[in-house]
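# Summary of structural features
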Amino acid sequence: MNVILAESAGFCFGVERAVNTVKEQILAQDNLPEEQRLPIYTYGSIIHNKHVVKDFEDKGVKVIESIEELQEIKKGVVIIRSHGVEKKIYDIMEQNHVTCVDATCPFVKRIHTIVHTESEKGVHIIIVGNDGHPEVEGIKGWAVNRPVVVGTAQEAESFDGDPALEYCIVSQTTFQNDKFQDIVAIFCEKGYNVNVVNTICNATHERQEEACKISEKADIMIVIGDPNSSNSRKLYEICRKECERTYFIQTLDDLHLELPDSAKTVGITAGASTPNNIIEEVQSYVRRNF
Ligand code: F3S
């Protein structure tokens, strides 16, 4: 069996950085005398991977699930994950004198800066992305006016703006590039005054392209990722288009692989929040058993 593992499978730069930040904070607190140690929190799960989160919880890291919970915390270290958060979260931490360790991915931070600066100038913000996704919620929270979120071509078609206003279009970092281009084209065709900043992250784009190429030649495709991770689900969608037999699994335990006799090539890729050890386990299982 020919097994092709995508080079871009697994943690992206931003997620790796966030996970390492948690590890560093655990180490830093462990090195302090007990009476000086502070509790460590992450604002939301640090990544969409329950195994990694559980491992950190076992080391004492607590996950804050809501603003209300954050408001109750008066002492500790709060780590912001790579998705980033709205401005008001920083404000609450400052008011409560809680130490903020910011692991927002620099690429997401760049979007916050654009949105904040442009909206302060009176430009209206359009975010191409999935409304409700934590990254999009974070981005929304940096606009001083009311941003609009557009997730589909239909939504772009029905957008009823003012041609006399200035708009700035940014995208969720994990949005699909072709869908983004389609949406932008609609705004341009409708004659809106738009300044387009493509803020899709290359890591996602490269992972998607590579997954697409591998799944074109694979008889079986395995996508490893958490069902709650939008980039993993998108990866699955892309692979499924090219390769009918695409499996979406979280860990090796979910893999019940049935290979037809004609199958010669198995492709493997993984979402941005899949740790290396899980990818390795799946890869060596397939290599050993087929
Ligand atoms: Fe950052 Fe791109 Fe990952 S925006 S978190 S490096 S997908």
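In case you missed it, the structure is sitting above this.
Computed from a predicted model, the values in this text were never measured in an experiment. (Residues numbered from 1 in each chain as written. Predicted model: local features only at pLDDT ≥ 70, side-chain atom pairs only at ≥ 80, totals over all residues. Heavy atoms only, no water.)

### What about the site of the ligand?
Every residue close to the ligand is listed here: Cys-12, Gly-14, Ser-82, Cys-105, Phe-107, Thr-173, Cys-201 and Thr-204. Of the residues that constitute the shell around the ligand, the class distribution is 4 nonpolar, 4 polar and no charged. (Near = heavy atom within 4 Å. Nonpolar A, V, L, I, M, F, W, Y, C, P; charged D, E, K, R; others polar.)

### Focus: the nonpolar core
Residues Ile-222, Ile-224, Leu-255, Val-282 and Val-286 are the most contacted members of the largest nonpolar core, which totals 28 residues. Of all the secondary structure elements, the ones that give two or more residues to this core are helix H9 (202–217), strand E10 (220–224), helix H10 (230–242), strand E11 (246–249), strand E12 (265–270) and helix H11 (276–289). In terms of residue count, the dominant contributor to this core is E10 (5 residues). Leaving out residues up to four positions away in the same chain, Val-282 has contacts with Ile-222, Ile-224, Ile-249, Leu-252, Leu-255 and Ile-268. Grouped together as the second largest cluster of nonpolar side chains are 27 residues, Ile-125, Ile-127, Val-136 and Cys-168 included. (Core = buried A, V, L, I, M, F, W, Y, C linked by side-chain atoms within 4.5 Å. Buried < 20%, exposed > 50% of the residue type's maximum accessible area, 1.4 Å probe, protein only. Helix = DSSP H or I, 4+ residues; strand = E, 2+ residues; numbered from the N terminus. Contact = heavy atoms within 4.5 Å.)

### Focus: the sheet that holds strand E1 (residues 2–5)
On the basis of which strands lie adjacent, the open sheet formed by 4 strands has the order E1-E12-E10-E11 and parallel pairing. With one partner strand each, in any of the chains shown, E1 and E11 form the two edges of the open sheet. Taking the axes of each pair of neighbouring strands and ignoring which way they run, one obtains an average angle of 20 degrees across the sheet. Two elements, E10 and E12, share 5 bridges in a ladder whose sense is parallel. Bridge pairing links Val-223 to Thr-269 in E12. (Pairing = 2+ DSSP bridges. Axes fitted to C-alpha atoms, helices over the stretch in contact; angles between N-to-C directions.)

### Here we look at helix H2 (residues 50–58)
All of the buried residues in H2 are Val-52, Val-53 and Phe-56. All buried residues of H2 fall inside an arc of 100 degrees around its axis, so they share one side. What points out from H2, more than 90 degrees from its buried face, is the exposed set Lys-50 and Asp-58. Residues of H2 that are buried in the fold lie against helix H1 (13–30) and strand E3 (62–64). You can read the cap of H2 off the contacts: a side-chain oxygen lies 3.0 Å from the backbone nitrogen of His-51, and it is on Asn-49. Two residues or fewer after H2 comes Gly-60, characterised by a positive phi angle close to 100 degrees. (Arc of directions from axis to C-beta. Polar contact = N/O pair within 3.5 Å; in protein donor to acceptor, adjacent residues only side chain to side chain.)

### Some details on the pattern of salt bridges
Taken as a whole and judged by the stated rule, the model has 7 salt bridges. A salt bridge links Lys-54 to Asp-58, with the shortest nitrogen-to-oxygen separation between them at 3.1 Å. Of this pair, Lys-54 and Asp-58 both sit in helix H2, 4 residues apart, roughly one helical turn. Among the salt bridges present, the one from Lys-87 reaches Asp-91, with a minimum N-O distance of 3.4 Å. Taken together, the residues Lys-87 and Asp-91, both in helix H4 (residues 87–95) and 4 residues apart, mark about one turn of the helix. Given a relative accessible area of 31%, Lys-87 falls into the partly exposed group. A relative accessible area of 27% places Asp-91 in the partly exposed class. Among the charged side chains, a network of salt bridges with common partners joins Asp-131, Glu-137 and Lys-140. (Salt bridge = Lys/Arg side-chain N within 4 Å of Asp/Glu carboxyl O.)

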